[in-house]
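Chain residues, written in single-letter form:
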Amino acid sequence: MALTRLVNGVADAAQSGRVAKSVAKLAAIAGLPRSAVDARHEATHNDLPSLKALRRASAEALAWLERSYWQAQLGMVSAKRKKVKEVLAEYRRMRTVAAAACLESGGRGKSKAAAEAEEEDDGDDDEFDDGEEEERHHDDNNNGASTTVSAQRRRRRQLVGELKELVPRAAPRLLASAVLSLPPPPPPPPPPTTTTTTATATTKRDPSSPPSSSSSSSSAETEGWKEVMRSLGKGWPGLEGTLVWGTADLLLEMAKRQTSAAAAAAAAASDGEAEETKATAFTSAASSSPPLSPSELASWAEFLARALVLSSGKGGGGEKRKGSGGKKRTTTTAEATATGTDSASLASAAAASSAAAPALATAFLAVPAGSELSRALRRAATAFAEAGGGIEE
């Protein structure tokens, strides 16, 4: 039955013109194996083929599907993943450049036009801005800079448009995979103290560079990622929860590979196999690892947890500014810097954080203590547990 439907489906789709062509001829044009065509003919017009003939036809038909359909489809998916990653990487880079320009200018406030534009964006559910408001104050000061900023803004909108064409709004998994393939935002600096500040200035300052260049670069990268996540959160509801699960799944998969490799090595040692055979298990496990290290994934987990807490309105205060109607309203830290998470997406992300934390904690107990993966699992479990609990309170 499956062979008959396969051959008929391919042949019927290729029929054209007023006179029908033979199934055998159309199947030959499509490259279908002759054994499948013969099996279909016998089953339809004569007796059922033998089991041996059916098995041979099925094997050749599966090989044809693999070669002509599945591999081609896999190539298209791989090309799409690569394109999404390239577009997202360029968008993040441009957001980082814009954030650096804003920081270099002293972080001056937004213009009145920018505030009004943001008010309009707040009420638009179908379109989402790309977070360009913070550098629009350049337009009021320098005409040459205005041209550059406008060109950058148009390019960012083009990139966001490309992402919308590549990734369906209701299927953010592809976008989450691209996000988690890029380097994570740098962790926030520790709270400054007199002792640590003096020690850091003594041991790490480079005389050939400005003292604040490293911190400025780190701040620009962080602010750039915040704007990227805010825009993506508006365009793809549920992305935050998908990112939480994606980060947890990658870490759990690493833990599974490590424990499996350790078990394989132990089994090989007990069987008296050669040392190179034992090393093969670890090599094969490492060869299929994701592009990010455990520490980088842990940094992603901490960044996502901080962004979710800010989006919930429980991560700090806000600032007063005038709305389009002249009335003052409070803008939370999340509205200014974090993601555009709505209440439903926030609840989903909080549930994902609460569910991922114990799974990561269990994996932490299974991997060797003191390893990079062990530390990463602990960091991620702690971050997600605090985020889930903090949002639900």
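Residues numbered from 1 in each chain as written. Predicted model: local features only at pLDDT ≥ 70, side-chain atom pairs only at ≥ 80, totals over all residues. Heavy atoms only, no water.

1. What to know about the overall build of the protein
The number of helices and strands found in the protein is 15 helices and two strands. Classification of the 393 residues of the protein by burial places 38% in the buried group. A fraction of 78% describes how many contacts in the protein between residues 6 or more apart in sequence connect residues 24 or more apart. Counting every atom, the protein has about 21,700 Å² of accessible surface; 56% of that belongs to carbon and sulfur. (Helix = DSSP H or I, 4+ residues; strand = E, 2+ residues; numbered from the N terminus. Buried < 20%, exposed > 50% of the residue type's maximum accessible area, 1.4 Å probe, protein only. Contact = heavy atoms within 4.5 Å. Areas by Shrake-Rupley, 256 points an atom, 1.4 Å probe, with all protein chains shown as cover.)

2. Here we look at the packing of helix α1 (residues 2-14) against helix α3 (residues 34-45)
Look at α1 against α3: their axes get within 9 Å of each other, and the N-to-C directions meet at 110°. Put simply, α1 runs roughly perpendicular to α3. Here α1 runs over α3; the crossing is left-handed. Contact with α1, carried on its side by Leu3, Thr4, Val7 and Asn8, involves Ala36, Val37, Ala39, Arg40, Ala43 and Thr44 of α3 and no other residues of that element. Of the residues belonging to the contact of α1 with α3, the class tally is six nonpolar, three polar and one charged. (Axes fitted to C-alpha atoms, helices over the stretch in contact; angles between N-to-C directions. Parallel < 35°, antiparallel > 145°, perpendicular 65-115°, else oblique. Left-handed = near helix turned anticlockwise from the far one by under 90°. Nonpolar A, V, L, I, M, F, W, Y, C, P; charged D, E, K, R; others polar.)

3. With respect to the environment of Lys256
Mapped onto the secondary structure, Lys256 falls in helix α10 (residues 239-270). Along the chain, Lys256 and Ala363 lie 107 residues apart, while their C-alpha atoms are 8.1 Å from each other.

4. Considering the environment of Ala255
Note on placement: Ala255 falls in helix α10. We classify Ala255 as buried; its relative accessible area is 5%. Distance from Ala255 to Ser374, taken between C-alpha atoms, is 8.5 Å for residues 119 residues apart in sequence. Not counting residues within four places of it along the chain, the set of residues in contact with Ala255 comprises Ala363, Val367, Leu373 and Leu377.

5. What about helix α2 (residues 23-30)?
Along α2, the positions that sit buried rather than exposed are Val23, Leu26 and Ala27. When α2 is viewed along its axis, its buried side chains cluster within an angular range of 100° and face the same direction. Of the exposed residues in α2, the ones pointing more than 90 degrees away from its buried face are Ala28 and Ile29. Residues of α2 that are buried make contact with α1 and α3. Where α2 terminates, the next one or two residues include Gly31, which has phi positive at roughly 90°. (Arc of directions from axis to C-beta.)

6. Description of the pattern of salt bridges
Under the definition given, this model contains nine salt bridges. A salt bridge links Asp38 to Arg34; the shortest N-O distance between them is 3.0 Å. Residue Asp38 and its partner Arg34 are located together in helix α3, separated by four residues, close to a single helical turn. Relative accessible area serves as the criterion here: at 34%, Asp38 is assigned to the partly exposed category. (Salt bridge = Lys/Arg side-chain N within 4 Å of Asp/Glu carboxyl O.)

7. A closer look at the packing of aromatic side chains
Summed over all chains, the structure comprises two aromatic pairs. Summarising the aromatic geometry, the rings of Trp300 and Phe303 are spaced 5.8 Å apart at their centres and angled 75° between planes, so their arrangement reads as edge-to-face. One end of the pair is Trp300 and the other is Phe303, both in helix α12 (residues 294-311) and three residues apart, which spans about a single turn. Like Trp300, the residue Phe303 is buried in the burial classification. (Phe/Tyr/Trp six-rings, centres within 6.5 Å; stacked < 30°, edge-to-face > 60°.)

8. With respect to the nonpolar core
Among the nonpolar cores identified, the biggest contains 51 residues, and Leu88, Leu175, Leu232 and Leu251 are the most heavily contacted of them. Look past the residues within four positions of Leu88 in its chain and what remains in contact with it is Leu163, Leu175, Ala178, Val179, Leu182, Val228 and Leu232. Of all hydrophobic cores here, the second largest spans 16 residues; its members include Leu3, Val10, Val37 and Leu65. (Core = buried A, V, L, I, M, F, W, Y, C linked by side-chain atoms within 4.5 Å.)

9. A closer look at helix α14 (residues 343-366)
What sets the pattern is the α-helix's 3.6 residues per turn: residues three or four places apart point alike. Over its 24 residues, α14 extends 35 Å from the first C-alpha to the last, a length consistent with the 34 Å expected when each residue adds 1.5 Å. Turning to α14, its buried residues are Ser345, Leu346, Ala349, Ala350, Ala352, Ser353, Ala356, Ala357, Leu360 and Ala363. (Expected span 1.5 Å × (residues − 1).)

10. Focus on the side chain of Arg40
Checked against the element boundaries, Arg40 lands in helix α3. Although buried, Arg40 forms no salt bridge, and the nearest oppositely charged side chain, Asp12, lies 7.0 Å from it. Beyond its immediate sequence surroundings of up to four residues, Arg40 is in contact with Thr4, Val7, Asn8, Val23 and His45. (Lys, Arg positive; Asp, Glu negative; His and termini not counted.)

11. A short note on the environment of Leu65
With respect to the secondary-structure elements, Leu65 resides in helix α4 (residues 51-104). Non-local contacts of Leu65, meaning those with residues more than four positions away in its chain, are made with Leu6 and Trp70.

12. Here we look at the confidence of the model for the protein
Taken as a whole, the protein shows an average pLDDT of 75; of its residues, 68% reach a score of 70 or greater. Within the model, pLDDT remains below 50 along residues 317-340, and this stretch shows 55 contacts once partners closer than five positions in the same chain are excluded. (pLDDT = per-residue confidence, 0-100.)

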